[in-house]
Amino acid sequence: MKVSVIMGSKSDYKIMKLCEKTLKKLNVPFETKIISAHRTPKRMYEYALKVEKNNIGVIIAGAGGSAHLPGMISALTSVPVLGVPIESKKLKGLDSLLSIAQMPKGIPVGTLAIGEDGAINAALLASSIIGNNNSKIKNKLKSWRSSQTKSVKKKPK
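Fair warning: this is a prediction, and the values are worked out from it, not measured in the lab. (Residues numbered from 1 in each chain as written. Predicted model: local features only at pLDDT ≥ 70, side-chain atom pairs only at ≥ 80, totals over all residues. Heavy atoms only, no water.)

Draft legend 1. Representation of the overall build of the protein. Regarding its fold elements, the protein presents six helices and five strands. Overall, the protein shows an N-to-C arrangement of helices and strands of β-α-β-α-β-α-β-α-β-α-α. If one aligns the C-alpha atoms of the protein with their principal axes, the spans along those axes are about 50 × 40 × 30 Å. Counting over 157 residues, the protein shows a buried share of 42%. (Helix = DSSP H or I, 4+ residues; strand = E, 2+ residues; numbered from the N terminus. Buried < 20%, exposed > 50% of the residue type's maximum accessible area, 1.4 Å probe, protein only.)

Draft legend 2. Examining the packing of helix H5 (residues 116-131) against helix H6 (residues 135-150) more closely. The contact between H5 and H6 brings their axes to 8 Å, and the two run at 140°. Here H5 lies oblique to H6, going by the angle between them. Crossing hand, H5 versus H6: left-handed. Counted together, Leu124, Ser127, Ser128, Ile130 and Gly131 of H5 and Ser135, Ile137, Lys138, Leu141 and Trp144 of H6 form the full contact between these two elements. When its residues are assigned to classes, the contact of H5 with H6 shows five nonpolar, four polar and one charged. (Axes fitted to C-alpha atoms, helices over the stretch in contact; angles between N-to-C directions. Parallel < 35°, antiparallel > 145°, perpendicular 65-115°, else oblique. Left-handed = near helix turned anticlockwise from the far one by under 90°. Contact = heavy atoms within 4.5 Å. Nonpolar A, V, L, I, M, F, W, Y, C, P; charged D, E, K, R; others polar.)

Draft legend 3. Looking closely at the sheet that holds strand E5 (residues 110-111). Read across the open sheet, the five strands follow the order E2-E1-E3-E4-E5; overall the sheet is parallel. Of all strands in the sheet, those with a lone pairing partner are strand E2 (30-34) and E5, marking the two edges. The pairing of strand E3 (residues 56-64) with strand E4 (residues 81-86) spans six bridges and is classified as parallel. Paired with Ala63 across the strands is Pro85, a residue of E4. The sheet contacts of helix H2 (residues 41-49) involve strand E1 (2-7), E2 and E3, and relative to E2 the element is tilted by about 160°. (Pairing = 2+ DSSP bridges.)

So, in structure tokens, the structure goes:
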């Protein structure tokens, strides 16, 4: 199983590349695509219908503004979708966060924090989901978390 990292536009890549970086550290296979719910709806629809056939276990969808991409993908597949709100100029990503978080009953999207933290945490969460059926990824994630714990000093220098 692999993770699919998708985003609504090329400008979202500066945040979503942090997903790639984190997935690479954990040796999680992934793909990256630009798919706009508004500008490329046919591409979005065709992508969503082929997700399971393409061995995708989790989708991380970054979107800004009205942020419909994660919800629209979730409406078309039963594969877990994690939404990363991308910061917008006018509302600093609050619009994106609310759009992704306020999904109607029956169309779930796991919603992460706005921006960089959300992108990194989405990759970690996706790795955890994939790791349920892949002991190598599960162990790599445990090792990463152990390193994170050890990096926190007990006393300031």
